[in-house]
Amino acid sequence: MLNDLLIAFQAVATIENFLIMAAGIWGGVIIGAIPGMTGTMAVTLALPFTFYMQPIPSILLLVALYKGSTYGGSVSAILIKTPGTASAACTTLDGYPLARQGKAGKALNMALYSSCTGDFISNISLIFIAAPLALLALRIGPPEYFMLMVFALTTVAGVSGRSLLLGLVSACLGLLLATVGEDMYGSFRFDLTVDMQGGLAVAPVLIGLFAIPELLKIVVFRNTETQQAMQLGDNKVTRAELRRSIKSMLKGSMIGVVMGAIPGIGPSAAAFSSYGEAQRTSKQRDNFGKGEVEGIAASESANNGCCGSTMIPLLALGVPGDVITGVMLGAFMIHGMTPGPMLFETNLNEVYMLFIGMLFSSVLLFGAGKATMRFFSHISRIPPGLMAPIVLVLCLFGIFSISNSMYDVIVLLAMGVFGFFMFLLAIPAAPFLIAFILGPMLEENLRRALAISRGDPSILVSSPITWLFASLAVFVVVITIRQQLKKAKA
Amino acid sequence: MGIARGVMVTALFGIVLLVMIPLYVPRPSFIPGFAPPPDMWPRAVSLLGMVLGLLLLALSLSKKTQAIADPEDAATIRGNTPLAVLLVRFGWSVLAFALFVGAVSLLGFLLASILLLVAMLVLTGYWRRKRVTLIVAVALPLLLYLFFSSALNTRFPTGSLLRALGV
């Protein structure tokens, strides 16, 4: 294997490949940083260009775009509290407060270090544990999926606000909104208009929920601080902060690797689960949500930790875990390679070249992140009174361009007003978003499990894996209630 | 705020459970095999939401448990500004959003965006720097319009009024 990897290293280490990967990473960072433009969009737009390229450089370009956009999403999350991608929503919890304290550079640096660490660990795992993880993922059926998502939701509800109860209310609201549109058997639910039969897309809900309430806060409360620009000030991550965050970074990367390897779970749930775990074990847990670098480290390492491992089910089983890997599956097939167990027999050299290229792209991500950081951090100098309306217009154009429909724009504005009400009632937005994303899968797996068991709910606790996730969910609830009771007494 | 919030949450989920689901989630006359019906999941979630709302309400009634249900102090969010002023500002923002949606079919996406941007800059209080505001309000939507229509081939609505005028 080592010999094959060395041969692949020689084949990949060409100037042409480096330029392609660098262009992909840069393009991805910029696209990811623009609210409304997603990694999926970047990869889809680049797909036609790959028709004229060699197989491996074309896949590397798509992977680089994916990685760049995942990191880029955190840039706007930190600077303007508008996550460029759903997976960066968790980074707003600590990134934006840190930027408001005049430490935007520190937050961006920590996001970059953690993203690169997560990405690198994810790539290493792809090389060495692709096959066993893929086999484990195959053993996860509807009841196990359901319990895994219940655990992820409980974690998010517990950590993203000051009250578990309010977090659960928020999650219920998200789950309910996710039922709008056509269900798995073709029934339409809550279709008040014809447009609503297609359901609500993630991008307008995500951006409406996080970006628009910021504008409304500035308009309604008009604090004097909103008229002043943020100071760049403290840019460096200190050694003490890095040492403090390293554990969360490594743990987050592993959470990202495992959750990324399970088709459909995705980086958003991984980021929030990692954040929850970091908050639970950190000595600085009271500072989480107020601008804690460890929070950024946990979230960013986990969402980038998914980048490599989402390729595991694709390469080992031929199963795309999300939309982006679905597009990549198309790219593989265009170039005459069929992902799945046979790929390791028929195209072993190409697989190893892909592995090595992905490792290189982690290094390039670091370089591209450092180079663009100075440019991006100037954004924080724009006064929020001017910035927030600009972001609104960016969101309107970005969202309209996704579907060429005013329906998504209306959803964006309506979600903004709804998000503002949630803020007024101190209901956290993060559990809502995760519940909205996981909702359809949660319901689908519950209904499938009940159909398999002929309506018997005991199927949900019928295997060791379901027991494991159920116990973890109960553990999180108990720990959170205990912590909140302690705080209430103090 | 805790009691009001508890009532609102309970009422919201109650309306969904008792009014919206019977009206907008029809049960098919035939469900094959043991497949759960389409209203099973929304009903379960609404019921859970209602229980959580009632729990919030109950915890807010006692001073001992209030801190669990209501950890944030509402006054710190609102500040000293009178509620009427806040409501008027909020009302203006929502009106601007509604007018934007209405104006798109009449004036087109570009012009409606420029007007919305001007309105929001006035509402945020940044309007005092008129020159910067005007440049940003015109240049930004125009640049975005050109970028999205040329790079991504997005076809923005042109507006019936402008079409009638031959623009």
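What you are looking at is a predicted structure, and each value in this text was computed from that prediction instead of being measured.

Trainee: Just checking my understanding: could you explain the overall build of chain B for this structure?
Mentor: When helices and strands are tallied, chain B shows eight helices and zero strands. Reading chain B from its N terminus to its C terminus gives the helix and strand order α-α-α-α-α-α-α-α. Split into buried and exposed, the 167 residues of chain B put 29% on the buried side. Taking all contacts inside chain B whose residues are at least 6 apart in sequence as the whole, residues at least 24 apart take part in 63%.

Trainee: Hey, could you run me through the overall build of chain A in this one?
Mentor: Within chain A, the regular secondary structure consists of 21 helices and two strands. Rg of the C-alpha trace for chain A: 22 Å, near the compact-globule value of 23 Å for 490 residues, within the 12% margin. Out of the 490 residues belonging to chain A, those deemed buried represent 62%. Contacts spanning at least 24 positions in sequence make up 78% of the contacts within chain A whose residues lie at least 6 apart.

Trainee: Whenever I open this one, the environment of A:Ser125 confuses me. Can you help?
Mentor: All names here are of chain A. As for its position among the elements, Ser 125 is in helix H6 (residues 104–138). The buried category is assigned to Ser 125, around which 22 C-beta atoms lie within 10 Å. C-alpha separation for the pair Ser 125 and Gly 308, spaced 183 residues apart in sequence, amounts to 7.8 Å.

Trainee: Can you help me understand the interface of chain B and chain A in this one?
Mentor: Bring the parts together and some accessible area is lost; that lost area is often taken as the interface size. Taken together, the 57 residues of chain B in the interface contact 53 residues of chain A. Only helix H1 (2–24), helix H2 (40–61), helix H3 (66–69), helix H5 (83–107), helix H6 (109–124) and helix H7 (130–151) of chain B provide two or more residues apiece to the side of chain B that touches chain A. Looking at the side of chain B that touches chain A residue by residue, the class counts come to 42 nonpolar, eleven polar and four charged.

Trainee: Which parts of the structure should I look at to understand the UniProt feature "transmembrane region" (unreviewed entry) in chain B?
Mentor: On the UniProt side, "transmembrane region" (unreviewed entry) is annotated at positions that read residues 7–25, 45–62, 83–101, 107–127 and 134–152 of chain B here. Summarising residues 107–127 of chain B: 81% helix, 0% strand, and an end-to-end C-alpha distance of 23 Å.

Trainee: Teacher, can you tell me more about helix H9 (residues 202–210) of chain A here?
Mentor: What sets the pattern is the α-helix's 3.6 residues per turn: residues three or four places apart point alike. Residue and element names in this part refer to chain A. A large share of H9 lies buried, amounting to eight of its nine residues. By the burial criterion, the buried members of H9 are Ala 203, Pro 204, Val 205, Leu 206, Ile 207, Gly 208, Leu 209 and Phe 210. Packing partners of the buried residues in H9 comprise helix H5 (89–100), helix H10 (212–221), helix H18 (384–403), helix H19 (406–424) and helix H20 (429–452).

Trainee: How do you make sense of the nonpolar core when you look at a structure like this?
Mentor: Counting residues in each nonpolar core, the largest one holds 205 residues, and the members touching the most others are A:Leu62, A:Ile78, A:Ala152, A:Leu433 and A:Ile434. Top element by residues in this core is helix H4 (residues 55–80) of chain A. It accounts for 15 residues. Both of domain 1 (2–78) and domain 2 (83–165) of chain B provide at least three residues apiece to this core. What A:Leu433 contacts, discounting residues up to four positions off in sequence, is A:Ala89, A:Gly174, A:Leu206 and A:Leu209.

Trainee: Quick question: what am I supposed to make of the packing of H5(B) against H6(B) here?
Mentor: When two helices pack together, their arrangement is given by the angle between the helix axes and the distance between those axes. Residues and elements named next belong to chain B. Close contact between H5 and H6 brings their axes to 8 Å; oriented N to C, the two are set at 165°. As summarised for this structure, H5 and H6 are arranged roughly antiparallel, according to the angle between their axes. As H5 packs across H6, the resulting crossing turns out to be right-handed. Contacts between H5 and H6 involve Arg 89, Trp 92, Ser 93, Ala 96, Phe 100, Ala 103, Val 104 and Leu 107 from the former and Phe 109, Leu 111, Ala 112, Leu 115, Leu 116, Ala 119, Met 120 and Leu 123 from the latter. For the contact of H5 with H6, the per-class residue count stands at 14 nonpolar, one polar and one charged.

Trainee: Would you explain unusual backbone geometry in this entry?
Mentor: Glycine aside, residues mostly have negative phi angles, and peptide bonds mostly take the trans form. Residues and elements named next belong to chain A. Here the phi dihedral of Asn 404 falls at roughly 55°; this positive angle occurs in a residue that is not glycine. Secondary-structure assignment places Asn 404 in the loop between H18 and H19. With a phi close to 60°, Arg 454 is a non-glycine residue in the positive phi region. Following the sequence through the fold, Arg 454 ends up in the loop between H20 and helix H21 (464–489). Residue Arg 454 is classed as exposed on the basis of its C-beta count, with 9 C-beta atoms lying within 10 Å.

Trainee: Explain H20(A) to me, please; I cannot follow it from the model alone.
Mentor: Residues and elements named next belong to chain A. An ideal rise of 1.5 Å per residue puts 34 Å on 24 residues; H20 measures up with 34 Å between its terminal C-alpha atoms. Along H20, the sharpest kink reaches roughly 50°, centred on Leu 438 and followed within four residues by the proline Pro 440. At the C-terminal side of H20, Arg 454 shows a positive phi close to 60°.

Trainee: Looking at this model, I keep getting lost on the packing of H18(A) against H7(B). Mind explaining?
Mentor: With their axes 11 Å apart at the nearest point, H18(A) and H7(B) run at an angle of 20° to one another. When the axis of H18(A) is compared with that of H7(B), the two are roughly parallel. Handedness of the H18(A)/H7(B) crossing: right-handed. Two secondary-structure elements touch here, H18(A) through A:Leu386, A:Ile390, A:Val393, A:Leu394, A:Phe397 and A:Ser401 and H7(B) through B:Val136, B:Leu140, B:Pro141, B:Leu144 and B:Phe148. Looking at side-chain class alone, the contact of H18(A) with H7(B) contains ten nonpolar, one polar and no charged residues.

The rules we used
Residues numbered from 1 in each chain as written. Chains lettered and ligands numbered in written order. Predicted model: local features only at pLDDT ≥ 70, side-chain atom pairs only at ≥ 80, totals over all residues. Helix = DSSP H or I, 4+ residues; strand = E, 2+ residues; numbered from the N terminus. Buried ≥ 20, exposed ≤ 12 C-beta atoms within 10 Å, placed from the backbone. Contact = placed C-beta atoms within 7 Å. Rg over C-alpha atoms; globule rule 2.2 N^0.38 Å. Nonpolar A, V, L, I, M, F, W, Y, C, P; charged D, E, K, R; others polar. UniProt positions renumbered as here; feature names shortened; annotations may be inferred. Core = buried A, V, L, I, M, F, W, Y, C linked by C-beta atoms within 7 Å. Domains from an automatic or database assignment. Axes fitted to C-alpha atoms, helices over the stretch in contact; angles between N-to-C directions. Parallel < 35°, antiparallel > 145°, perpendicular 65-115°, else oblique. Left-handed = near helix turned anticlockwise from the far one by under 90°. Expected span 1.5 Å × (residues − 1). Bend = angle between axes of the 7 residues up to and from the residue.

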